[in-house]
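What the coordinates show
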Amino acid sequence: MGVPVASAADTGTKGEITIGGTSLSDLGIDISTLDLSGLDLSSGDIGAALAGLDLSDVDPQKLLALLDNPAVASLVESCRTGALAGGGSAGGGANVDCGSATGTGMAAVLPGRIDLGALADQISVDLGPSMNLLIAKVPMGDQTVFGILSVLAVKPTGLIATGLKILNLGEVDPTAMGEYTTLEQVAAAAALPVKPVSERFCPGGTFLGLCTGGWQQRTVDANLATRTEALKIAGLLNSRTYDYSVPTVLDPRVPLSGFSTIAGKGLAFALAMNGGTARAEAPNALGLALAGADGADAVSKAYANLGLAMALNMNTSKVGLDWFGAPLDFDRIKSMKILDLAAKLNMLPPGMDLTTIMDSVEGITLPDLKEVSCLGVGTSASASGLGECGNYLGLFDYYKDLRAPVDGQSRQTQWGLTDPTSLFLGQGNALRQVLTPGVMELLTAVAGGDLSKAPLSEVTALLANPFVKDAVAALLSEEKRIKVTKDFVRFTQDVRTTADGTSTRYLLTSDYGLRSPLTLDWLGYRLTLFPAVEVNGTVRPNYLGLPTLTRVTDGTGAGLFPRIGLVELDNPFGLGTVPITPFDPIGGLSSWAKSVTVVDDVKLIADALPKVAAALPEAAPTPSAPVPTVGESADAASEPVIATSEPVVRASSPAPSAAALPATPTAVAEAPATGAPSITESSPTASPSEPQADSSATPPAESPAAPEDSSAAPSSAEAADAAETASPAGGSASSDTADRGTTGAADTDATTTDAAA
């Protein structure tokens, strides 16, 4: 066959990947050098997972704009405001609502699974110039995924088949590159009806045009070959098999279901999937609300007037990659002859290894989002099936575990008096750990509505911060809770489920006072007063616990004289820890003085306040009411304009069209049990519990032209009086995380309530 020779006809940037018309290189992503092998998001250490990626050329603002890309918008329905929309608003759809949000935030509905078959005609790869294989030309250039897979679906014939066998590529036909390019073409070909035709054939074979045994007639399906090619494409990347003799409906598009709403002036994020309903509201600019719901009956609500509220219960680890309704089979993909073809025809740029890329993609697993937490002046959150909480004035705290009882585990209900000053006073407070120059840069970028000024390297550095790292680990774990502040006192009802039933104990703990239980060792035994328990990730003495007496096996306390364990008292407000050392009072005072941080904390606050104030968004002036023009009603002038996403219409193709589909094609047995939706209709379903936005924008009715009347124009005297009348008057928090696995509330049918600030 000879060495492939590049044709001078078409040239391009080899290896360039385009998604929905957006080139990855325009986003600062070089696929040939991108190494995802160490990207393990399921571990919970997001900072470490992202640290190995070179994101220096990635523009966050352009990355967010990718959500409006037609390909991505078919998977994720979203609306965004503030810095996530370049300072304005973006996106929209029937299942999301950002109309009441004036701060920075996003409402999104995510897919339960990502079917690449629905995107394959919107993802293209530039394979470089076309190649000449002596007697045939291999069309290269910009090819969709369907175009590339065509070489495996179309059976080579004649001299082409003979030459490919010599190159050990007998299963592929490079000249068929681009035979199918769109989903409509593949779907229409797969659904072609059986078309009986009569053909002449020679059962004994032919020699020099002569038939041994005589020619015969038989009835065949004229559409079988075309239908086979389409169904081969649908089964190439998964383990599904099809009956090529039966017309089959193919539609990999999965309608989005769920409803997400954000509201308020602060930071608000709401995510929903699989029919869940999520609402996040932050009325104040200093509020942060996050809500996430997963499941048809799941509801998550977060309200943060001033502070933080999180209600996240999403099994995002189950989101995976499919191909026409079945999971991608990476082992099958890596064994395909098309990889050999890519190497022989030099289809990819130097340094790009498809096997390594597929190994990296196969290993990526999204972490679950599991957290219910509240802190601030009027905050509340509830996530069905996980928990509910409330915090008022930063002092009065409530939490209840709503998970179903499990044998060997506890469920807790807690009431606490929290210390908001621990956010910025005391050792290891949040202000000291988090307020870095990079964080100030991020705050400034968010306030200014331009995330391009916040490099992603600062985000990865923030995620590697020990305080943030512990918080993120709790955010991604059902067994832990984020502990934002310390407790003056906390009362806990702990209900434990066992095979014999349930048992209840009551706990009274504090992050101040005794640091550890009081112990007395004597004659080989240890008496413990206020035995320790773990509450919200912190081990503290339980002031309601009964004393315990245990035998000491390490040899301590075996003498005739009793030995009292070290007694230390933790103080609030950055006043350190006081050791009780009656035999060394000077040493005790010295140790206490070194632990006092209040002076340094106050200096840090004084230095940080101007920086934080400068980074926060300024209050926007109240706009004056628009003046309606002639022919426009006052109502129409004040109506807001809402951006909506329009459906994407793919270009028509000369290949088999949808019009050629049979009226009632038969679905194969391997089709999904839920039934395949129509290839021409797909509509996201909004949650019945939430109002749906009208996707059809109806222009307001035009007001009739104003009649010519002398009353329409005031006289000079009237104008002077009106001007006189209208003249204006006057010229530290702890980074500890809590273990939900040992705590919780057993009341499974408790009603989740909306807490109002």
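As the structure is a computational prediction, the values presented were derived from the model and not from experiment.

**Quick look at the sheet that holds strand β3 (residues 22–23)**
With antiparallel pairing, the four strands of this open sheet are ordered in space as β3-β2-β9-β12. If you trace the sheet from one side to the other, it starts and ends with β3 and β12 (142–144), each paired once. Judged from the two bridges that link them, strand β2 (residues 17–19) and β3 form a sheet pairing that is antiparallel. The partner of Thr 18 across the bridge, within β3, is Ser 23. Packed on one face of the sheet, helix α4 (residues 145–153) meets β9 (123–126) and β12 and runs near 80 degrees to β12.

**Considerations on the pattern of salt bridges**
Inspection of the entire model under this criterion finds 19 salt bridges. Ionic pairing is found between Arg 80 and Asp 68, a salt bridge with its closest N-O pair at 2.8 Å. Of this pair, Arg 80 sits in strand β4 (residues 77–82) while Asp 68 sits in the loop between α2 (60–65) and α3 (70–73), and the two are twelve residues apart along the sequence. The buried category is assigned to Arg 80, whose relative accessible area is 2%. You can call Asp 68 partly exposed: its relative accessible area is 39%. Of the charged contacts, one joins Arg 490 and Asp 397 as a salt bridge, the two residues approaching to 3.0 Å between their closest N and O atoms. A residue pair is termed long-range when its members are at least 10 positions apart, and Arg 490 in strand β31 (residues 486–498) and Asp 397 in strand β28 (residues 396–401) qualify at 93 residues. Owing to a relative accessible area of 4%, Arg 490 belongs among the buried residues under this scheme. Ionic contacts of the salt-bridge type, sharing partners, join the residues Lys 370, Asp 401, Arg 403, Glu 478 and Glu 479 into one network.

**Let's talk about the nonpolar core**
One finds Phe 146, Leu 152, Ile 233, Leu 237, Leu 250, Trp 323 and Phe 324 to be the most contacted residues of the largest nonpolar core, which totals 71 residues. The element contributing the most residues to this core is α4, with six residues. Apart from residues no more than four positions distant in its own chain, Phe 324 is found in contact with Asp 115, Gly 117, Phe 146, Leu 183, Ala 234, Asn 238, Arg 240, Tyr 242, Leu 250 and Pro 252. Ala 280, Ala 289, Ala 304 and Tyr 399 belong to the second largest nonpolar core, which has 29 residues in total.

**As for the sheet that holds strand β26 (residues 379–383)**
In spatial order, the strands read β6-β17-β19-β21-β26-β27-β28-β29-β31-β32; together these ten strands make up an open sheet with mixed pairing. Two strands bound the open sheet, and with one partner strand each, they are β6 (96–101) and β32 (501–509). The sheet shows a mean angle of 5 degrees between the axes of neighbouring strands, direction not considered. Relative to strand β29 (residues 410–419), β28 is paired through five bridges, and the arrangement is antiparallel.

**Here's the deal with the packing of helix α6 (residues 183–190) against helix α7 (residues 224–235)**
The contact between α6 and α7 brings their axes to 7 Å, and the two run at 125 degrees. As judged from the angle between their axes, α6 and α7 are oblique. Considering how the two elements wind past one another, α6 and α7 form a crossing that is left-handed. For the pair α6 and α7, contact is made by Val 186, Ala 189 and Ala 190 and by Thr 226, Arg 227, Ala 230, Leu 231 and Ile 233, respectively.

**A short note on the environment of Asp 511**
Here Asp 511 is to be found in the loop between β32 and β33 (513–514). Each C-alpha atom of the pair Asp 511 and Phe 488 lies 6.3 Å from the other, and the pair is 23 residues apart in sequence. With near-sequence residues (within four places) excluded, Asp 511 lies in contact with Lys 483, Lys 486, Asp 487, Thr 538, Arg 540 and Asp 570. At a separation of 2.7 Å, a polar atom in the side chain of Asp 511 contacts the main-chain amide nitrogen of Asp 487.

**Regarding the pairing of strand β41 (residues 577–580)**
Burial of β41 is one-sided: the residues Thr 577 and Pro 579 facing one way are buried, the residues Val 578 and Ile 580 facing the other way are not. Sheet analysis places strand β40 (residues 567–570) next to β41, joined by four bridges and oriented antiparallel. Each residue of the ladder has a partner; that of Asp 570, found in β41, is Thr 577. Hairpin connection between β40 and β41: a loop of six residues separates the two successive antiparallel strands, and Phe 573 in this loop has a positive phi of roughly 60 degrees.

**Thoughts on a nonpolar patch on the surface**
Residues Leu 520, Trp 522, Leu 523, Tyr 525, Leu 527, Leu 529, Leu 549, Leu 560, Phe 561 and Ile 564 make up a contiguous nonpolar surface patch of roughly 1100 Å² in combined accessible area. Secondary-structure elements contributing two or more residues to the nonpolar patch are β34 (518–522) and β35 (525–529). No other element matches the three residues that β35 contributes to the nonpolar patch. With respect to the element layout, Phe 561 can be found in the loop between β38 (548–551) and β39 (563–564). For Phe 561, a relative accessible area of 71% puts it in the exposed group.

**Here we look at the packing of aromatic side chains**
Any pair of aromatic rings gets described here by the distance separating the centres and the angle formed by the planes. Summed over the entire model, instances satisfying the criterion amount to nine aromatic pairs. Look at Phe 146 and Trp 323: their rings are 6.0 Å apart centre to centre, the planes differ by 50 degrees, and that puts the pair in the tilted class. Of this pair, Phe 146 sits in helix α4 while Trp 323 sits in strand β23 (residues 321–323); the two residues are 177 residues apart in sequence, bridging distant segments of the chain. The exposure classification of Phe 146 matches that of Trp 323, with both residues buried. Linked through ring pairs, Tyr 398, Trp 415, Phe 491 and Tyr 506 together constitute an aromatic cluster. For the cation-ring pair, Arg 218 lies above Phe 201, with the distance from its terminal atom to the ring centre recorded as 4.4 Å. The aromatic ring of Tyr 399 is capped on one face by Arg 481, whose charged end is 3.6 Å from the ring centroid.

**Concerning the confidence of the model for the protein chain**
Summarising the model, the protein chain shows a mean pLDDT of 76, and 66% of its residues fall at 70 or more. Of the regions scoring below 50 in pLDDT, residues 1–11 engages in 26 contacts with residues more than four places distant in sequence or in other chains. Taken as a whole, residues 740–757 scores under 50 in pLDDT and shows 64 contacts with residues more than four places along the chain or in a different chain.

**Description of the pairing of β34**
Taken together, the five bridges between β34 and β35 define a ladder with antiparallel strand orientation. Residue pairing in the sheet places Trp 522 in a bridge with Tyr 525 of β35. What sits between the antiparallel neighbours β34 and β35 is a turn of two residues, in which Leu 523 has the positive phi angle 55 degrees. With two bridges connecting them, β34 and β39 associate as antiparallel partners. From the neighbouring strand, Leu 520 faces β39, where its bridge partner is Ile 564.

**Thoughts on the state of the cysteines**
Think of a disulfide as a covalent bridge from one cysteine sulfur atom to another cysteine sulfur atom. The full count for this structure, using the stated rule, is three disulfides. What pairs with Cys 79 in a disulfide is Cys 98, and their sulfur atoms sit 2.0 Å apart. In this structure, the disulfide formed by Cys 79 and Cys 98 twists by about 85 degrees around the S-S bond and is classed as right-handed. One end of the pair, Cys 79, is in strand β4; the other, Cys 98, is in strand β6, with 19 residues separating them in the sequence. Both residues of the pair, Cys 79 and Cys 98, count as buried. Between Cys 202 and Cys 211 runs a disulfide, and the two sulfur atoms are separated by 2.0 Å. Because the torsion about its S-S bond is 95 degrees, the bridge between Cys 202 and Cys 211 counts as right-handed.

Criteria and cut-off values
Residues numbered from 1 in each chain as written. Predicted model: local features only at pLDDT ≥ 70, side-chain atom pairs only at ≥ 80, totals over all residues. Heavy atoms only, no water. Pairing = 2+ DSSP bridges. Helix = DSSP H or I, 4+ residues; strand = E, 2+ residues; numbered from the N terminus. Contact = heavy atoms within 4.5 Å. Axes fitted to C-alpha atoms, helices over the stretch in contact; angles between N-to-C directions. Salt bridge = Lys/Arg side-chain N within 4 Å of Asp/Glu carboxyl O. Buried < 20%, exposed > 50% of the residue type's maximum accessible area, 1.4 Å probe, protein only. Core = buried A, V, L, I, M, F, W, Y, C linked by side-chain atoms within 4.5 Å. Parallel < 35°, antiparallel > 145°, perpendicular 65-115°, else oblique. Left-handed = near helix turned anticlockwise from the far one by under 90°. Polar contact = N/O pair within 3.5 Å; in protein donor to acceptor, adjacent residues only side chain to side chain. Patch = residues over 30% accessible without salt bridge, like charges linked within 9 Å, V, L, I, M, F, W, Y side chains within 5 Å. Areas by Shrake-Rupley, 256 points an atom, 1.4 Å probe, with all protein chains shown as cover. Phe/Tyr/Trp six-rings, centres within 6.5 Å; stacked < 30°, edge-to-face > 60°. Lys NZ or Arg CZ within 6 Å of the ring centre and 35° of its normal. pLDDT = per-residue confidence, 0-100. Disulfide = S-S within 2.5 Å.

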